[in-house]
Amino acid sequence: MFPHRRLAVLFACALPACGPRAASAQAAAQAAAPTPEQWQALQLAAAGKSDRIMAAANRHKGLLAQYQAMRDAYDKDKSPAFRLIFGQYISWYQSFIGDYPDAAASFSIKQVPARDDAPSPLGLPGYHAHPALAAIPQLAKAYPVVLLNEAHNVALTRSLTVQLLGRLREEGFDYFAAETLYQADTGLQARGYPVDKSGFYTEEPVCAEMVRTALKLGFKVVAYEAGPDASGDAREAAQARNLYEAVFKRDPRARLVVDAGYGHIVKSGRYLGGSSMAEHLYKLTGLPMLSVEQTVLYPHALASDDHPIYAAVMQQLHPDVPIVFTSTAGKPWSLRPGYDVSVFFPPIHRVRGRPDWLALGGLRQPAFVDGARCQQHFPCLVEARYADESDDAIPADRMVLDRVPLFGTLDMRMTINAQGVPGSDLYLRPGKYRLRFSAEDGDPLYHRNITVPAKGGNRAASPPEHKS
């Protein structure tokens, strides 16, 4: 794991508000009026402490116990710098356990208009909105490399990428690379799915589904992360070098899809005191790249964190799928320089507490889970693994059932029946799964095999239930 490398994102938003969890911490920090150098030193110290807490938490048995240990540490230290830094760490683990609303709320970067932002596409003559799932593959036809970014704690920003992979494969793309996949997992391609040791962000089920989807579609999946000591420009250069050597040095005619965080895919301008991964890769290959920005124009936990252009587009168009804008001549609209096209994600609707974007554009469907099988052990972790995958496979989906929210940022979200038992939906593709319930300490409570029918088909009878 490489948590220290992500500090550049935090330093970039240290003085503006970074969202609902960080707001009070930042107000206190500004009241104390530390110098920028002092504030950065406080964050570095907080990052070191955060790394130690995460390492200690990871020694606990079970993902839910690891998260609870981190939550306890968060509650004990109310210093502004620690709350700001560790809020991002907490948000990663909230996404890992399927608590997507709280993950988005715990670390949220306020999208303040920048001086070089493009004018709103609503006011540009000849520009029209199109479903991103159709438009991006058309744009990609002319490029050997497509770069897609994500906000690591907001799995929504991976949801379109999962859907795009099939379309891009049809266009001839044959390599897929994802940030923080571990090169040590040499069995990933043959196995066909990620496991606990495959990467850092792949612990989150939608990220795992992205990698799994690429493998099933026949992509050659590439791990391109730099070594643990690289940071800043050195990390960007090493990532680009790894991509070049794993892909284009061996296969000059390759067509590559890259998933990366935030500004790693910006094609121009200084980044982290040097050049971005994309810029370094261009220097090595000379290949044109389509850069797709997905980390700015999405609905934040607080509407006040949304970019004004995002709010205006949502109010006027009310889209129900991700959209992009292109001109009548086919030129895509981008909010920021250095990117070719910006994606707008529609507002999020929650059903029984879980966001509807988990359906991944219809690839998956909700399957209700009753918390009675938790046997009064709350919080209770529920996971669904594909029936033909191993027990260490990252689940297709997972969630926590509890009578009260784990973190308390949002109101009661789960369905609670007359007996006070919570329930909610897992989002799964049609197929066979192993459903597992476990207690906070990781001990198994119950398991059964289930079949999710094709949408509109007759529900297949589940095989007999099995207790652990």
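Residues numbered from 1 in each chain as written. Predicted model: local features only at pLDDT ≥ 70, side-chain atom pairs only at ≥ 80, totals over all residues. Heavy atoms only, no water.

For the protein, the name recorded in an unreviewed UniProt entry is Lipoprotein, with Rhodanobacter geophilus as its organism.

Draft legend 1. Highlighting the overall build of the protein. Counting secondary structure elements, the protein contains 13 helices and 17 strands. Across the 468 residues of the protein, 57% fall into the buried class. Sequence-distant contacts, at least 24 apart, represent 72% of the contacts inside the protein between residues at least 6 apart. Total accessible area on the protein stands at roughly 18900 Å², and carbon and sulfur atoms take up 54% of it. (Helix = DSSP H or I, 4+ residues; strand = E, 2+ residues; numbered from the N terminus. Buried < 20%, exposed > 50% of the residue type's maximum accessible area, 1.4 Å probe, protein only. Contact = heavy atoms within 4.5 Å. Areas by Shrake-Rupley, 256 points an atom, 1.4 Å probe, with all protein chains shown as cover.)

Draft legend 2. Representation of the packing of aromatic side chains within the structure. Per the stated rule, a full pass over the model turns up 15 aromatic pairs. Seen from their ring centres, Tyr100 and Trp357 are 5.2 Å apart, and the 65° between their planes marks the pair as edge-to-face. Pair noted here: Tyr100 is in helix α6 (residues 100–106) and Trp357 is in the loop between β10 (354–355) and β11 (365–370), with a separation of 257 residues, a long-range link. Under the relative-accessibility criterion, Tyr100 is labelled buried at 5%. (Phe/Tyr/Trp six-rings, centres within 6.5 Å; stacked < 30°, edge-to-face > 60°.)

Draft legend 3. Up close: the state of the cysteines. The tally for this structure, following the rule as stated, stands at one disulfide. Disulfide pairing is shown between Cys374 and Cys380; the S-S distance is 2.3 Å. Between Cys374 and Cys380, the S-S torsion sits near -85°, and that sign places the bridge as left-handed. Take Cys374: its relative accessible area is 0%, and that puts it in the buried class. (Disulfide = S-S within 2.5 Å.)

Draft legend 4. Region of interest: the packing of helix α8 (residues 156–170) against helix α10 (residues 205–216). One way to put it is that α8 packs onto α10 with a least axis distance of 9 Å and a crossing angle of 15°. Relative to α10, the element α8 lies roughly parallel. Helix-helix and strand crossings are classified by hand; for α8 and α10 the assignment is left-handed. Every residue of α10 that contacts α8 at Arg158, Ser159, Thr161, Val162 and Leu165 is listed here: Val206, Cys207, Glu209, Met210, Thr213 and Ala214. (Axes fitted to C-alpha atoms, helices over the stretch in contact; angles between N-to-C directions. Parallel < 35°, antiparallel > 145°, perpendicular 65-115°, else oblique. Left-handed = near helix turned anticlockwise from the far one by under 90°.)

Draft legend 5. Fine view of unusual backbone geometry. In the segment running from Phe378 into Pro379, the intervening peptide bond is cis, with an omega of 0°. Within the secondary structure, Pro379 sits in the loop between β11 and β12 (380–386). In this model, Gln376 sits at a positive phi of 70°, which is unusual for a non-glycine residue. Relative to the elements of secondary structure, Gln376 occurs in the loop between β11 and β12.

Draft legend 6. Layout of the side chain of His307. Tracing the sequence through the fold places His307 in the loop between β6 (289–293) and α13 (308–317). Looking at His307, its side chain comes within polar contact range of the side chain of Asp117, at 2.8 Å. With sequence-adjacent residues up to four places away left out, His307 is seen in contact with Gln111, Val112, Pro113, Asp117, Val296, Leu297, Leu335 and Arg336. (Polar contact = N/O pair within 3.5 Å; in protein donor to acceptor, adjacent residues only side chain to side chain.)

Draft legend 7. Examining the nonpolar core more closely. With 74 residues, the main nonpolar core has Phe86, Ile136 and Phe176 as its most contacted residues. A total of 10 residues in this core trace back to one element, the largest contributor, which is helix α5 (residues 80–96). For Ile136, the residues in contact, after removing those within four places along its chain, are Leu160, Leu164, Leu290, Val292, Val324 and Val343. In this structure, Val369, Met399, Val421 and Val452 belong to the second largest nonpolar core, which totals 22 residues. (Core = buried A, V, L, I, M, F, W, Y, C linked by side-chain atoms within 4.5 Å.)

Draft legend 8. How the structure looks around the confidence of the model for the protein. Looking at the protein as a whole, its pLDDT mean stands at 89, while 87% of the residues score no less than 70. Scored below 50 in pLDDT, residues 1–29 makes 85 contacts in the model with residues more than four places away or belonging to other chains. Every residue in residues 457–468 scores below 50 in pLDDT, and together they form 23 contacts with partners more than four places removed in sequence or on other chains. (pLDDT = per-residue confidence, 0-100.)

Draft legend 9. Region of the structure containing the sheet that holds β12. Overall, antiparallel pairing links the four strands, which are arranged β13-β12-β16-β17 in an open sheet. Of all strands in the sheet, those with a lone pairing partner are β13 (397–401) and β17 (444–452), marking the two edges. Here the average twist between neighbouring strands, direction ignored, is 20°. (Pairing = 2+ DSSP bridges.)

Draft legend 10. Representation of the packing of helix α4 (residues 63–76) against α5 in the model. One way to put it is that α4 packs onto α5 with a least axis distance of 10 Å and a crossing angle of 160°. It follows that α4 is roughly antiparallel to α5 by the angle criterion. Every pair of crossing elements has a handedness; the one defined by α4 and α5 is left-handed. Residues Leu63, Gln66, Tyr67, Met70, Arg71, Ala73, Tyr74 and Asp75 of α4 form the contact with α5, whose own contacting residues are Phe82, Arg83, Phe86, Gly87, Tyr89, Ile90, Tyr93, Gln94 and Phe96.

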